[in-house]
Amino acid sequence: LITIKFEIMYASAIEEKDVSYSDGDQLNDFQDVDLLQSHGINVADIKKLKGAGICTIKGILMTTAKKLCNIKGLSEAKVDKIKEVSKSLCDSGFMTAFEVGERRKNIFKISTGSKELDKLLGGGLESMSITEAFGEFRTGKTQLSHTLCVLTQLPGANGYTGGKVIFIDTENTFRPDRLKSIADRYNLDHTAMLDNVLYARAYTSEHQVELLDFAAAKCHEEPGIFKLLIVDSVMALFRVDFSGRGELADRQQKLAQLLARLQKISEEYNLAVFITNQMTADPGAALSFQADPKKPIGGNILAHASTTRIYLRKGRGELRIAKIYDSPDMPESEATFAITNGGIDDAKE
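To start, this report covers the structure provided alongside it. (Residues numbered from 1 in each chain as written. Predicted model: local features only at pLDDT ≥ 70, side-chain atom pairs only at ≥ 80, totals over all residues. Heavy atoms only, no water.)

1. Describing the overall build of the protein
Our working definition: Working definition: helices are DSSP H or I runs of at least four residues, strands are E runs of at least two. Numbering for both runs from the N terminus. Burial here depends on accessible area, computed with a 1.4 Å probe over protein chains only, as a share of the maximum for the residue type. Under 20% is buried, over 50% is exposed, and the range in between is partly exposed. In what follows, a contact means two residues having at least one pair of non-hydrogen atoms within 4.5 Å. With residues, only the protein chains shown are counted as cover, and all accessible areas are computed by Shrake-Rupley using a 1.4 Å probe.
Looking only at helices and strands, one finds 14 helices and 13 strands in the protein. Evaluated residue by residue, the protein yields a buried proportion of 48% over its 349 residues. Partitioning the intrachain contacts of the protein with sequence separation of at least 6 by distance along the chain shows that 67% fall at a separation of at least 24. Accessible surface for the protein amounts to roughly 17200 Å². Of this, 54% is attributable to carbon and sulfur atoms.

So this is what it looks like as structure tokens:
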């Protein structure tokens, strides 16, 4: 059996992190907030930033001054100084399209287990972006999440070395035994595989947001080791905690903050984010003569936040059909895959 170990990767990632402090090159994404200490920011204030889940210089630049002022013990003057120092340490201005292209070379793709589905996604789940899969119950959303937990740990195309997974469960659908049956397909050691999946159960929408701060802290503790963050499902708790049109505006604002945090984590630590979503009946669909009267929940906030959206629907037996619903670079097309004992696989003819 293959035993997956990440100690060597972790050591090399630490070396990269140390290099980034000195040369400030492309690796400056992992510049630690401890760097602020040598620029006149005291240790207590740095500790407060870490407590709020802000562990890198880039993370400070991704946070508004208003939110930083809400951290207990940080005055407006302190926040202004922290922001000023951060801007001097990390270049956050304009760059050429060529430079953007060079940076995007750091992006990796994670296989889904199905070659057809990978082809549909342009090679797999992309890092530094949010991929959303939505569909009715029994369309394979959770099965895809479980398969990704295992496949993220395997080396892939273009030098992808594999890594750990963070799984935030809002519906109590996570099953370690399911991971074991998928691991058997790839001859992986069960204990080592399960040790590489970090699991948390969220009970409220507020708890879900708090868990993202813990996730950011873990990504900072082990830089370059975590490759995938899964939220299954992103809207379930918001549906419970906010009811009726009276609370809709508040719900959408909280949801927007959660999705913005997910996007920032994916870019800050170069990991892929996979979220699942539910569907609802669209009462206005009959009036507009739409063929499918169902739509994903979350409204325009979720639609704009997700980089790639995949619509899953049932086929015959164990077959499922995935369709690109929205993507910045992939054409609208479909792929058929199967749910097997070994996870997501290609459909057999």
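2. Points about the environment of R239
Relative to the assigned elements, R239 resides in helix α12 (residues 236–241). Residue R239 is classed as partly exposed on the basis of its relative accessible area of 36%. On a C-alpha basis, the gap between R239 and R251 in space is 8.6 Å, while along the polypeptide they are twelve residues apart.

3. So, the sheet that holds strand β7 (residues 272–277)
Our working definition: Strand pairing requires that DSSP identify at least two bridges connecting the strands. Note on method: axes are straight lines fitted to C-alpha atoms, helices fitted across the in-contact stretch only, with angles between N-to-C directions ranging 0 to 180 degrees.
Pairing in this open sheet of nine strands is mixed, and the strands run β5-β4-β6-β7-β3-β10-β11-β12-β13 from one edge to the other. At either margin of the open sheet sits one strand with a lone partner, and together these are β5 (197–201) and β13 (343–346). Between one strand axis and the next, the sheet turns by 25 degrees as a mean value, whatever way the strands run. By the bridge criterion, five bridges tie strand β3 (residues 130–135) to β7 in an arrangement that is parallel. Counted as the bridge partner of T131 is F274 from β7. Across the sheet, helix α13 (residues 248–268) lies against β3, β6 (226–232) and β7, angled at about 150 degrees from β7, the strand it touches most.

4. What to know about the nonpolar core
The test is simple: Nonpolar core, defined: a set of buried Ala, Val, Leu, Ile, Met, Phe, Trp, Tyr and Cys residues in which side-chain atoms within 4.5 Å join the residues together.
Counting residues in each nonpolar core, the largest one holds 35 residues, and the members touching the most others are I110, L117, L148, C149, L228, I230 and F274. A per-element tally of this core places helix α8 (residues 141–151) first, with five residues. If we skip the residues at most four places from it in the chain, L117 touches T112, L144, A322, A335, F337 and I344. In this structure, I166, C219, L255 and I297 belong to the second largest nonpolar core, which totals 30 residues.

5. As for the side chain of T142
Our working rule: Two N or O atoms count as a polar contact when they lie within 3.5 Å, although within protein this holds only if one can serve as hydrogen donor and the other as acceptor, and sequence-adjacent residues are included solely when both atoms are side-chain atoms.
Relative to the elements of secondary structure, T142 occurs in helix α8. At a separation of 3.0 Å, a polar atom in the side chain of T142 contacts the side chain of D232. Beyond its immediate stretch of four places on either side in the chain, T142 contacts T173 and D232.

6. Some thoughts on the pairing of strand β4 (residues 164–169)
Successive side chains on a regular strand alternate, one facing one side of the sheet and the next facing the other. In terms of burial, β4 is a largely internal element, six of the six residues being buried. A two-sided burial pattern is seen for β4, the buried positions comprising K164, I166 and I168 on one face and V165, F167 and D169 on the other. When β4 meets β6, the two strands line up parallel, connected through six bridges. Following the sheet pairing, F167 is matched in β6 by I230. Across five bridges, the pairing between β4 and β5 is parallel.

7. Quick notes on helix α11 (residues 205–221)
Residues lying three or four places apart along an α-helix face the same way, a consequence of the helix completing one turn every 3.6 residues. Put simply, the rule is: One less than the residue count of a helix, multiplied by 1.5 Å, gives the span that helix is expected to have.
Given a rise of 1.5 Å per residue, 17 residues ought to cover 24 Å, and the 25 Å separating the end C-alpha atoms of α11 matches this to within 8%. Of the positions making up α11, those classed as buried are S205, Q208, L211, L212, A215, A216, C219 and H220.

8. A closer look at empty space enclosed by the protein
Let me state the cut-off plainly: Grid points spaced at 1 Å and placed over the protein atoms alone form the basis of the search, with a cavity being a set where a 1.4 Å probe fits but cannot get out and a pocket an open set showing protein on both sides within 12 Å along at least five of seven lines. Lining residues have an atom within 4 Å of a point. Grid points are joined across faces, edges and corners, and a volume is the space filled by probe spheres set on the points.
Throughout the structure, instances matching the rule amount to one cavity of 30 Å³ or more. Its boundaries defined by the atoms lining it, the largest cavity holds a volume of some 40 Å³. Element by element, the count of residues in the lining of the largest cavity is highest for α13, at three residues.

9. A few points about the state of the cysteines
Condition: Here, the term disulfide refers to a pair of cysteine sulfur atoms separated by no more than 2.5 Å.
Under the counting rule described, the total for this entry stands at zero disulfides. This cysteine, C55, is not joined by any disulfide, and C219 carries the nearest cysteine sulfur, 9.4 Å off. By relative accessible area, which is 3% here, C55 ends up buried. Residue classification places C219 among the buried positions, given a relative accessible area of 3%.

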